[in-house]
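Breakdown of the fold
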Amino acid sequence: MSVRRLAPDAVQPASFAFDAANENWVDQQIAKYPEGRQASAVIPLLWKAQEQHDGWLPRAAIEAVARKLGMAPMRVMEVATFYTMFNLQPVGEHFVQLCGTTPCALRGAEALKKVCQDVIGPQSTVTADGKLSWLEVECLGACCNAPMAQINFDYYEDLTPENFKALLEDLRHGRPTKPGPQNGRSGSEPLGGGETLKDPALYDGTVIGAGDWQKRVTEQRKAAAEAAAAKAAAEAEAKKADAPKPDAPKADAPKTDATPAAAAKPATETAAAGRPKPSEPGQPTSAANDTPAAGGKVDPKSAAESDKSAGTPADKPVK
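Residues numbered from 1 in each chain as written. Predicted model: local features only at pLDDT ≥ 70, side-chain atom pairs only at ≥ 80, totals over all residues. Heavy atoms only, no water.

1. Describing unusual backbone geometry
How we decide: Each helix is a run of H or I in the DSSP string that is no shorter than four residues. Each strand is a run of E no shorter than two, and both are numbered from the N terminus. Categorising residues by exposure relies on relative accessible area from a 1.4 Å probe, with only protein chains included: less than 20% of the type maximum marks a residue as buried, more than 50% marks it as exposed, and the intermediate range marks it as partly exposed.
Of note, the amide linkage connecting Ala146 to Pro147 takes the cis form, showing an omega dihedral of -5 degrees. With respect to the helices, strands and loops of the structure, Pro147 is situated in the loop between strand E2 (132–137) and strand E3 (149–151). Unlike most non-glycine residues, Asp54 shows phi in positive territory, near 55 degrees. Tracing the sequence through the fold places Asp54 in the loop between helix H2 (42–52) and helix H3 (59–69). Judged by relative accessible area, which is 58%, Asp54 ranks as exposed. Phi is positive for Ser124, close to 65 degrees, though the residue is something other than glycine. Note that Ser124 resides in the loop between helix H6 (109–119) and E2.

2. Considerations on the environment of Arg185
Heads up, the condition is: By definition, residues are in contact when any of their heavy atoms lie within 4.5 Å. Polar contacts here mean pairs of N or O atoms no more than 3.5 Å apart (in protein, one a potential hydrogen donor and the other a potential acceptor; neighbouring residues in sequence count only if both atoms are side-chain atoms).
Mapping Arg185 onto the fold places it in the loop between strand E5 (180–181) and helix H8 (213–242). The sequence separation of Arg185 and Asp158 amounts to 27 residues, and the corresponding C-alpha distance is 9.0 Å. When near neighbours in sequence (up to four residues on either side) are disregarded, Arg185 contacts Cys144, Asn145, Asp158 and Leu191. A polar side-chain atom of Arg185 sits 2.8 Å from the main-chain carbonyl oxygen of Cys144.

3. Thoughts on the pairing of strand E1 (residues 94–99)
To keep it simple, the criterion reads: Note: two strands are recorded as paired if DSSP finds a minimum of 2 bridges between them.
The buried fraction of E1 amounts to six of the six residues, a majority that puts the element mostly inside the structure. Residue alternation in E1 divides its side chains into two sets, His94, Val96 and Leu98 and Phe95, Gln97 and Cys99, and both sets are buried. Here E1 runs beside E2; their pairing, made up of six bridges, is parallel. Residue pairing in the sheet places His94 in a bridge with Leu132 of E2. Note that E1 and E3 share three bridges and pair antiparallel. Within E3, the position partnered with Val96 by the bridge is Ile151.

4. Brief notes about the packing of aromatic side chains
The geometry of two aromatic rings is summed up by the distance between their centres and the angle between their planes. Heads up, the rule is: Pairing of aromatic side chains requires ring centres within 6.5 Å, counting the rings of Phe and Tyr and the six-membered ring of Trp. Pairs whose planes differ by under 30 degrees are stacked, by over 60 edge-to-face, and all others tilted. Definition used: whenever NZ (Lys) or CZ (Arg) falls within 6 Å of the ring centre and also within 35 degrees of the ring normal, the charge is taken to sit over that ring.
Throughout the structure, instances matching the rule amount to four aromatic pairs. Three or more aromatic residues joined by ring pairs make a cluster, and in this case those are Trp47, Phe86 and Phe153. The ring of Trp25 carries the charged tip of Lys48 above its face, separated from the ring centre by 4.6 Å.

5. Here's the deal with the side chain of His94
Within the element layout of this structure, His94 appears in strand E1. In terms of polar contacts, His94 uses its side chain to reach the backbone carbonyl oxygen of Leu171, at 3.2 Å. Beyond its immediate chain neighbours, meaning those up to four positions away, His94 contacts Lys131, Leu132, Ser133, Ile151, Asn152 and Leu171.

6. Looking at the side chain of Asp158
As for its position among the elements, Asp158 is in the loop between strand E4 (154–157) and helix H7 (161–172). Ignoring sequence-local partners within four residues, the contact set of Asp158 consists of Asn145, Ala146, Pro147, Asn163, Pro181, Gln182, Asn183 and Arg185.

Here is the structure:
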């Protein structure tokens, strides 16, 4: 981890104050937070101070932010020295942040460092005309377009020693440059053109405005509705053709018994066919009839009740 220190006293300004426009912006940022939580605005205020002071943060700017937020200067210093987005040394008009992480290193970032050293000089130094300075940084998130560099707020990708040197010269002399890939490809698609989404109508929003697009969309919706209605009608006709006719006998209807006696039988008797009814002769009516009485004698009262249930007159003498 690199040590981040403030610039030497020789280059430090004596004072710093936000201009009128930035002062108004600062007040709006602080107003976003409740009373007692103004310190939450420290990063936006440091960023605005850096923008105002030629792209880097002097000690006076850090102290001015601390006073504005009611914070100890050391607390603001901790934030400024922690985040590498804050430049603590003077930078050129065009600040080159060259990615040196593994994907860019594998694609030739070392050769680009040599270009920076030859054209600009050592890291963290500014050219005599104040136009260029550079610094090696960690991944900037454009690995598929490696090697790349961020110059101020723009990304320049697919760099080679040749086109990178030409780019630095254009920036130094104020000539226009084109951010993004420097080898002619579009975005991060394969070199030579993409293999998918070749129809511009799939991704180019300007195609919608070509011609009477509202009429085209209306016709497409109408055609889709007609197709859906035709499909529903065909399905209804198919169901109607498959339905059985009212006067036609059902093929799988269950056969009925033509015998009246079978139909006249109670449900309980038909459901338990073959089972002897409790009132039939020979079927005991109680547990007492299953077990002989003590001494082999039969209880006359029990025998009379049994004969009565079997159809024998109750007054018939029992032998």
